[in-house]
Amino acid sequence: VLAAGGGLLAWRAGLFADATAANSIAVLPFANLSGDAAQDYFSEGLAEEVRTTLSSSAQLAVAAQTSSSEKQFAELDPRAIAAKLDVAFLLDGSVRRDADQLRIAARLIDGTSGVEKWAQSFDRTAADALAVQSEIATLVADALAAKLAGSGDRNAPRVGGTRDPRAFDAYARGRALYRLAADEASDRAALAAFDEAIARDPAYAAAHAERARALTVIANNYAKGDQLKSLYARAVDAAQQAVRLAPTLAEGHGALGFALFNGRLDARAAAAPYQQSFTLGFGNADILAAFANFAARTGRFADARAAIARAQRLDPLNPSVFRNAGVIEYVARDYHAAAAPLGAALSLNPKVSGVHAILGDIALLGGDAAGARARYAREPNRLTQLRGLAIADARLGQAEAAQAGLQQMIAKYGDNSLYQQAQVRAQWGEGDAALTALEAALAAGDSGLVQLRNDPLLDPVRSAPRFTALQQRLGFL
């Protein structure tokens, strides 16, 4: 499906890291001085716009939002923050929003000395908020002797952005809700906010891209019956619109790849947009991590490792990035190498989902069924936990408990668990039943199938002609 290019990507990652060490920067969350905590999303959204604009420069290494937003930083001085994020400079600021008036203050700090490189405040109307973020980004780039793409017009919106402050406000609200990843209500509220942003500015490509991601996540996690394919179709349409409106917006191509792979279950179609997102978004940790995951799922392990290493450099405090690094090694069958990043993910967030399950799978495949069961019992994702317990209990000779676990999983999750049912059946030695479950998962559009090409738990049925046919239909072969 995909051409190999690991050597080139690894070389590019190394060259980029060497060239930008002195021009590395973290944009810290802008403090909300408005006296209303409900306005936090706006100050955080402005900081994210500055961060996104800066990351478009190939001469800057910009720490990602997750790491830059660590709560613990409130207790640290600038030099300690810079050391934890491994950056040379920090940008922090504040926003005071009062009716239609804004005061935005920003300062650039040398991370080695803790000394301000410059500081400036901007008094504007709310309508000028987006022009200010572009101006701040350009001033930072100038101070670090970097040239931003398209930085000639300081009032121009970022690629895929908007000039409409109300559209931006809705977009920022949507981003804050989407990042919560709390529940169906917050995900649907995020979608509604993106819809509002697009209603105010139909050409807002970044909002179309985020709308596509929200639709895909809602389909993956909450859709039932006929809703699934309709939501995925809307997600693909939204991502394609983002690409049409802003062909150089990395997030648009990434959203299209995400929707095609997880929604349409078409690895072949998703390859080009994922590759384009990587090319355009080499300074964006989220884009890099998503590309790395896709590359690993499609067997491009060298490319996956190079991309996730770069994401770890930009987002060193994000447990999801380290979890992805562990997943890459797990599906590459290097179980020993998977342990360190998975352990790092747990140290950053002991409640991160998926990690205990992978560690359980590694123990299971290594012959330690009791150790695997202990790991599965600690997995916070209930569907994944039930899948693991059903497999481990069978290995431990607890057939009745294993059957009860499988039936509980089916009763609770129904067709959304078809892929996990196949994993259980394969590990139980029920090959035909496993393959039937996989075929049913394909008919239902189960996004779990993105794991199929190199899922170790499906190795017992991997040589079956029906399994090969499934790989072909999914675009893996």
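Since we're looking at a predicted model, the values are computed, not measured.

About the criteria used
- Residue positions within a chain follow its written sequence, with the count starting from 1.
- Thresholds applied to this predicted model are a pLDDT of at least 70 for local features of residues and 80 or more for the giving and counting of side-chain atom pairs; totals over whole chains, interfaces and linings are not thresholded and use all residues.
- Excluding hydrogens and water, the side-chain values take into account all heavy atoms of the structure.
- The helix count covers DSSP runs of H or I at least four residues long, the strand count covers runs of E at least two residues long, and both are numbered beginning at the N terminus.
- With a 1.4 Å probe rolled over the protein chains alone, any residue whose accessible area is under 20% of its type maximum counts as buried; one over 50% counts as exposed, and the rest are partly exposed.
- Any N or O atom pair separated by 3.5 Å or less is treated as a polar contact, with the protein-specific requirement of one donor-capable and one acceptor-capable atom, and with residues adjacent in sequence counted only for side-chain atom pairs.
- By convention, a stacked pair of Phe, Tyr or Trp rings (six-membered ring in the case of Trp) has centres within 6.5 Å and planes under 30 degrees apart, an edge-to-face pair has planes over 60 apart, and any other such pair is tilted.
- Residues grouped as a nonpolar core are buried Ala, Val, Leu, Ile, Met, Phe, Trp, Tyr and Cys residues, joined through side-chain atoms within 4.5 Å.
- A contact between two residues is defined here by any heavy atoms of the two lying within 4.5 Å.
- Note on method: axes are straight lines fitted to C-alpha atoms, helices fitted across the in-contact stretch only, with angles between N-to-C directions ranging 0 to 180 degrees.
- Throughout this description, any angle smaller than 35 degrees is read as roughly parallel, any larger than 145 degrees as roughly antiparallel, any in the 65 to 115 degree range as roughly perpendicular, and the remainder as oblique.
- In the scheme used here, Gly and all other residues not listed as nonpolar or charged are polar, with Ala, Val, Leu, Ile, Met, Phe, Trp, Tyr, Cys and Pro taken as nonpolar and Asp, Glu, Lys and Arg as charged.
- Within a predicted model, pLDDT stands for the predictor's per-residue confidence, ranging from 0 to 100.
- Salt bridges are counted wherever a side-chain nitrogen of Lys or Arg sits within 4 Å of a carboxyl oxygen of Asp or Glu.
- Pairing between strands requires that DSSP locate at least two bridges from one strand to the other.
- By definition, any crossing whose near helix is turned counterclockwise from its far helix by less than a right angle is left-handed, and any crossing with a clockwise turn is right-handed.

Enquirer: Would you take a moment to explain the environment of D303 for this structure?
Expert: Following the sequence through the fold, D303 ends up in helix α13 (residues 301-314). A C-alpha to C-alpha distance of 36 Å links D303 and S43, two positions 260 residues apart in sequence.

Enquirer: It is not clear to me how the side chain of N318 should be interpreted in this structure. Could you clarify?
Expert: With respect to the helices and strands, the residue N318 is situated in the loop between α13 and α14 (319-331). Residue N318 is classed as buried on the basis of its relative accessible area, which comes to 7%. Within polar-contact distance, the side chain of N318 engages the side chain of T66 at 3.4 Å.

Enquirer: What is the right way to look at the packing of aromatic side chains in this model?
Expert: The geometry of an aromatic ring pair comes down to the distance between the two centres and the angle between the two planes. Evaluation of the coordinates by the stated rule reveals nine aromatic pairs. Ring geometry for Y171 and F194: centres 6.1 Å apart, planes at 55°, overall tilted. With Y171 in helix α6 (residues 165-180) and F194 in helix α7 (residues 184-200), this pair connects stretches of sequence that are 23 residues apart. Across the pair, exposure class does not vary: Y171 and F194 are buried alike. Ring geometry for F261 versus F294: centroids 4.9 Å apart, planes at 85°, classification edge-to-face. Taken as a pair, F261 in helix α10 (residues 250-262) and F294 in helix α12 (residues 285-297) lie far apart in primary sequence, 33 residues in all. With relative accessibility at 1%, the residue F294 sits in the buried group. Linked through ring pairs, F261, Y274, F294 and F476 together constitute an aromatic cluster.

Enquirer: Got a minute to help me understand the nonpolar core in this structure?
Expert: Generally speaking, a soluble globular protein has its nonpolar side chains buried in company with each other. Counting residues in each nonpolar core, the largest one holds 144 residues, and the members touching the most others are I136, V140, L438, L449 and L452. Those residues in contact with I136 that sit more than four places away from it in its chain are V50, L91, I104, A106 and F122. Among the nonpolar cores identified, the runner-up in size contains eleven residues, and F73, I81, V87 and I109 belong to it.

Enquirer: Please clarify how the packing of helix α2 (residues 40-54) against α6 should be interpreted in this entry.
Expert: Think of two packed helices as two axes; the pair is described by the angle between the axes and how far apart they sit. Remark: α2 packs on α6, axes separated minimally by 9 Å, with the N-to-C direction vectors making an angle of 95°. Comparing their axes, α6 and α2 come out roughly perpendicular. Across from Y41, F42, G45, L46, E48 and E49 in α2, the residues of α6 making contact are F168, D169, Y171, A172, R173, R175, A176 and R179. When grouped by side-chain class, the residues that make up the contact of α2 with α6 number seven nonpolar, one polar and six charged.

Enquirer: I tried to follow the confidence of the model for the chain on my own but got confused; where do I start?
Expert: Reading predicted coordinates in detail is not appropriate for stretches of low pLDDT. Confidence in the prediction of the chain, expressed as mean pLDDT, is 88, and 92% of residues score 70 or more. Here residues 1-20 scores under 50 on pLDDT; set against residues more than four positions off or in separate chains, the count is 35 contacts.

Enquirer: Sorry if this is basic, but what is going on with the pattern of salt bridges here?
Expert: Side-chain pairs of opposite charge can arise whenever the charged atoms involved come near each other. Per the stated rule, a full pass over the model turns up 23 salt bridges. Note that D286 and R179 form a salt bridge whose closest N and O atoms lie 3.5 Å from each other. Residue D286 is found in helix α12, and its partner R179 is found in helix α6; the two are separated by 107 residues along the sequence. Classification of R179 as partly exposed rests on a relative accessible area of 33%. Members of the salt-bridge network, linked through shared partners, are R97, D169, R173, E196 and R200.

Enquirer: How should I be thinking about the pairing of strand β6 (residues 116-125) in this particular structure?
Expert: Looking along a regular strand, one sees side chains alternate from face to face of the sheet. Pairing analysis gives nine bridges linking strand β5 (residues 101-110) to β6, with the strands arranged antiparallel. Residue I109 lies in a different strand from β6, and its bridge partner there is E116. The antiparallel pairing of β5 with β6 creates a hairpin that spans five residues between the two strands, and G114 there sits at a positive phi of about 80°.

Enquirer: Teacher, can you tell me more about the packing of α2 against helix α5 (residues 129-143) here?
Expert: Packing of α2 against α5 brings their axes to within 9 Å, and their N-to-C directions diverge by 45°. By the angle between their directions, the pair α2 and α5 is classed as oblique. Along this stretch, α2 crosses α5, giving a crossing that reads as right-handed. In contact with F42, L46, E49, V50, T53 and L54 of α2, α5 contributes A129, Q133, I136, A137, V140 and A141.

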